[in-house]
Amino acid sequence: MTPITITKNDSSYQITPRWATPDDYHSVWNLLLQKAKAFKESGSSQWSALLDGVDSHNTKYRITNNEVMVYEYNSQIIGAVILLHEQSTWDTKLWGKDKAKVFYIHRLMVSNEFNGMNLGSHMLKHIEEIAESLSISSLRLDYLNSNKFLKQFYTINGFTVKKKHQEFTTMQKAVSLN
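Residues numbered from 1 in each chain as written. Predicted model: local features only at pLDDT ≥ 70, side-chain atom pairs only at ≥ 80, totals over all residues. Heavy atoms only, no water.

A.B. asks: So what exactly am I meant to see when it comes to the pattern of salt bridges here?
C.D. replies: Note that side chains of opposite charge can pair when their charged atoms are close. Tallied over the full model, the rule gives six salt bridges. For Arg62, the salt bridge identified is with Glu67, shortest N-O distance 2.9 Å. Among the ionic pairs, Asp98 bridges to Arg140, the shortest N-O distance being 2.6 Å. Here the residue Asp98 occupies a position in the loop between α3 (89-95) and β5 (102-110), and Arg140 occupies one in strand β6 (residues 138-144), the gap between them amounting to 42 residues. A relative accessible area of 26% means that Asp98 is categorised as partly exposed. You can call Arg140 buried: its relative accessible area is 9%. Connected through shared salt-bridge partners, Arg18, Asp24 and Glu72 make up one network. (Salt bridge = Lys/Arg side-chain N within 4 Å of Asp/Glu carboxyl O. Helix = DSSP H or I, 4+ residues; strand = E, 2+ residues; numbered from the N terminus. Buried < 20%, exposed > 50% of the residue type's maximum accessible area, 1.4 Å probe, protein only.)

The structure is reproduced here in structure tokens:
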């Protein structure tokens, strides 16, 4: 896969995306915990079950099923995301049963040391390129209504609100298929 170049303070970083392998599980898990703690410290309960050891997305299975993309810098995983081609039970609950060709994005995360470098936006653009190459028409995701950071982040990156549920908001972005 094509590396992603990001810059900060006149420094350039080559980020390499690849599909996660089982050997990456502990690094991905530690990144998940780091982000769950950061959300908690900012007042959001987004991903809080992870802090109690509850992994509702079964990350280990998602990795073995080629559904986790990692982003590396100097052989260190600094970003990751779960990309589902098929609806999970959770997705069906929020979106209804759907056979559309979409990616369901879950747990997009960037290491705290790379915050402020637009890596998350670069990751979303990369996911969009993958989707386009696979003729996937849309990207879908959800977040806790109380998480203002995620609402702003996804809005800035071209996602629009599709529906507000009791605690969650679903968002979608169309992929331009050539």
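A.B. asks: For this particular structure, what's the right way to read the pairing of β5?
C.D. replies: Moving residue by residue along a regular strand, the side chains alternate between the two faces of the sheet. Taken across its nine residues, β5 has nine buried, putting it largely inside the fold. Of the pairings in the sheet, the one linking strand β4 (residues 76-84) to β5 comprises five bridges and is antiparallel in character. For Leu83, the partnering residue across the bridge sits in β5 and is Ile105. Crossover handedness for the path β5 to helix α4 (residues 119-133) to β6: right-handed. (Pairing = 2+ DSSP bridges. Right-handed = clockwise from strand over helix to strand, strands pointing away.)

A.B. asks: Where do I start with helix α5 (residues 148-156) in this structure?
C.D. replies: Two residues of an α-helix separated by three or four positions point the same way, owing to the 3.6 residues in each turn. If you check which residues of α5 are buried, you get Leu150, Phe153 and Tyr154. Buried residues of α5, seen end-on, are gathered within an arc of 90° and therefore sit on one face of the element. Exposed residues pointing more than 90 degrees away from the buried face of α5 are listed as Lys148, Gln152 and Ile156. Contacts made by the buried residues of α5 are with α1 (25-41), β5, α4, β6 and β8 (168-174). Where α5 begins, one side-chain oxygen reaches toward the backbone nitrogen of Phe149, 3.3 Å away; that side chain belongs to Asn147. (Arc of directions from axis to C-beta. Contact = heavy atoms within 4.5 Å. Polar contact = N/O pair within 3.5 Å; in protein donor to acceptor, adjacent residues only side chain to side chain.)

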